[in-house]
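Close look at the chain arrangement
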Amino acid sequence: MNKNEYISLKNKYLEFTEATLEKLKLDYPCKQQNLFNSVNYSLLASGKRIRPIILLAACEMAGGNIEDAANFAAGLEMIHNSSLIHDDLPAMDNDDLRRGNPTNHIVYGEATAILAGDVLLVRPFEVMAQAVKTKGQLNAMQYIAKCAGAEGMMGGQEIDLKCEGISADEETIVVLNKLKTGALFKAAVVSGVMIADGSEEYLKAAETYGDLLGLAFQLVDDLLDNDPEANTGKTKGSDIEKGKSTYLSVYGEEKCRALINMCTEKAREALNIFGDKAQFLCTLVEELATRVN
Ligand code: GRG
């Protein structure tokens, strides 16, 4: 796949995601309009939409149709946005900048931001349930819930909170990030393959790719958080300020870069089973390794 083909396919997935989010958004005059505005402020802001793009691509890679994956891709992006709103709250990371804009609680206040995060956690299950017609889609919904919950992203966040101000060991950092960041990436690939009714072998390959992509993504994130030139849209160095251990503090820059290359290579290998149909996700993991935001 050449660069132009990759870019045009990525745009197709991105536009499909934006159109689905637009279709599913809550926006009509009512007494709770302020809550709708708070939800839409975060959800319709300029996120990279990587998780829904991966979900849609994984579905097509495994022979499925993106129309069948629409509400699952949008639902996963909603869950991701829910986690960002709650992560930024004073009781969590206490950040006031996200995607280059004031965080949700800075604009709408803490109480409404908590509710907006809650809405973006339940609305996905409403829209996914509306779309379920096959066993594969039902499995995808269940898998996404597991990856988001206490055994996945939320569990990772709990470990993260407990690590503030202490020097965590390598094993803790790896588990923390595998859950906090990696679980939703794994959910994206695996649920995409589930919606396409992929085989056990396909699901195993998707799981391996998701884990490796999640690890590479977080390694890059830690490097960007420490890079004064990078445009992350967040306050720089906030992990260091909060006394959090990161891959960068545990491994140092050189090892982080070596691990990013290793994960990228192994993630590509994991998709061999899909042949040429894996070209998009192979290019995507490479692009994420060199991303600057
Ligand atoms: C209420 C769903 C919910 C969760 C509560 C707060 C929390 C538990 C978990 C936080 C998880 C978290 C924020 C992990 C960080 C993941 C990460 C690297 C986010 C940045 O992702 P990008 O770069 O962001 O894809 P954009 O802005 O492009 O969407």
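Cut-off values and rules
Residues numbered from 1 in each chain as written. Predicted model: local features only at pLDDT ≥ 70, side-chain atom pairs only at ≥ 80, totals over all residues. Heavy atoms only, no water. Core = buried A, V, L, I, M, F, W, Y, C linked by side-chain atoms within 4.5 Å. Buried < 20%, exposed > 50% of the residue type's maximum accessible area, 1.4 Å probe, protein only. Helix = DSSP H or I, 4+ residues; strand = E, 2+ residues; numbered from the N terminus. Contact = heavy atoms within 4.5 Å. Salt bridge = Lys/Arg side-chain N within 4 Å of Asp/Glu carboxyl O. Polar contact = N/O pair within 3.5 Å; in protein donor to acceptor, adjacent residues only side chain to side chain. Expected span 1.5 Å × (residues − 1). Near = heavy atom within 4 Å. Areas by Shrake-Rupley, 256 points an atom, 1.4 Å probe, with all protein chains shown as cover.

1. Side note on the nonpolar core
- By size, the foremost hydrophobic cluster in this structure holds 61 residues, and its most contacted members are Ile54, Leu55, Tyr209, Phe280, Leu281 and Leu284.
- By residue number, the principal contributor to this core is helix α9 (residues 170–195), which donates ten residues.
- For tyrosine 209, the contacting residues outside a window of four places in its chain are Val189, Ala267, Ala270, Leu271, Leu281, Leu284 and Val285.
- Counting 15 residues, the second largest nonpolar core, distinct from the first, contains Cys163, Ala168, Leu224 and Leu259.

2. Observations regarding the pattern of salt bridges
- Under the counting rule described, the total for this entry stands at 19 salt bridges.
- Linked by salt bridges that have partners in common, Glu18, Arg49, Glu77 and Arg99 make up one network.

3. A look at the environment of serine 245
- Relative to the elements of secondary structure, serine 245 occurs in the loop between α11 (238–241) and α12 (247–251).
- Serine 245 sits 77 residues away from alanine 168 along the chain, and the two C-alpha atoms are 6.0 Å apart.
- Reaching out from serine 245, the side chain makes a polar contact with the backbone oxygen of isoleucine 166 at a distance of 3.5 Å.
- A distance of 3.0 Å separates a polar side-chain atom of serine 245 from the backbone nitrogen of alanine 168.

4. Regarding helix α3 (residues 50–61)
- The terminal C-alpha atoms of α3 lie 16 Å apart, and with twelve residues this matches the ideal 16 Å at 1.5 Å per residue to within 8%.
- The element α3 is largely enclosed, with a buried count of eleven among its twelve residues.
- The secondary structure elements touched by the buried residues of α3 are α1 (3–24), α4 (66–88), α7 (135–148), α9, α10 (200–225) and α14 (279–289).
- Just downstream of α3, glycine 63 is the residue with a positive phi angle, here 95°.

5. Some thoughts on the site of the ligand
- Lining the immediate environment of the ligand, one finds 21 residues, of which Lys48, Arg51, His80, His86 and Arg99 sit closest.
- Separating an oxygen atom of the ligand from a side-chain N or O atom of arginine 51 is a distance of 2.8 Å.
- Here an oxygen atom of the ligand and a side-chain polar atom of histidine 80 are 2.7 Å apart.
- Bound to the protein, the ligand loses 92% of the 750 Å² it would expose on its own.

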